[in-house]
Amino acid sequence: QVQLVESGGGLVQAGGSLRLSCAASGIIFSINAMGWYRQAPGKERELVASISGGGSTVYQESVKGRFTISRDNAKNTVYLQMNSLKPEDTAIYYCNLITGFGRSYWGQGTQVTVSS
């Protein structure tokens, strides 16, 4: 079983920064990709950013240039550095891990609130 534990959410003013962390533990033979999704009230969950085992990254258009995803393979940890935050970034942010066998795991979510 794989567990994902997120941290780093909170309340910040517009223009501020936050760094999210997600540590994976458990029996993990291989990781295909890790990423961050978010879900705002009344909206569907959407991809924010993802990073492959080889370091290739994908970003949602609205966060390009403001958010940076990174990964520490030795620690099975993925980070999301969020700068120049906007009120529309307010959401619950979820960590996702896809194993080499294609199985997907989710964290419990961490709240990010950006005040105007």
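Our subject in this report is the structure included herewith. The shown structure was predicted, so the numbers you read here are calculated from the model rather than taken from an experiment. (Residues numbered from 1 in each chain as written. Predicted model: local features only at pLDDT ≥ 70, side-chain atom pairs only at ≥ 80, totals over all residues. Heavy atoms only, no water.)

1. Remarks on unusual backbone geometry
What counts here: Under the DSSP-based scheme used, a helix requires at least four consecutive residues in state H or I and a strand at least two consecutive residues in state E, with every element numbered from the N terminus.
Not every positive phi belongs to a glycine, and Asn76 is a case in point at roughly 50°. Residue placement: Asn76 occurs in the loop between strand S7 (67-72) and strand S8 (77-82). Even without glycine at this site, Ser84 takes up a positive phi of about 50°.

2. Comments concerning the side chain of Glu6
Condition: As used in this structure description, the phrase polar contact means that two N or O atoms lie within 3.5 Å; if the pair is within protein, one of them must be able to donate a hydrogen and the other to accept it, and residues adjacent in sequence are counted only when both atoms belong to side chains. Here, residues are in contact when the closest pair of their heavy atoms is within 4.5 Å.
Topologically, Glu6 is positioned in strand S1 (residues 2-7). Here Cys95 takes part through its backbone nitrogen, which lies 2.6 Å from a polar atom of the side chain of Glu6. Here the side chain of Glu6 touches Gly109 through a polar contact of 2.5 Å, landing on its backbone nitrogen. Beyond its immediate stretch of four places on either side in the chain, Glu6 contacts Ser21, Cys22, Trp36, Tyr93, Tyr94, Cys95, Gly107, Gln108, Gly109 and Thr110.

3. Focus: the environment of Phe29
What counts here: Each residue is placed in one exposure class: buried if its accessible area under a 1.4 Å probe, protein chains only, is under 20% of its type's maximum, exposed if it is over 50%, and partly exposed if it falls in between.
Counting through the fold element by element, Phe29 comes out in the loop between strand S3 (18-26) and strand S4 (31-39). Among the residues examined, Phe29 registers a relative accessible area of 71% and is labelled exposed. As a C-alpha pair, Phe29 and Gly100 span 71 residues in sequence and 7.6 Å in three-dimensional space.

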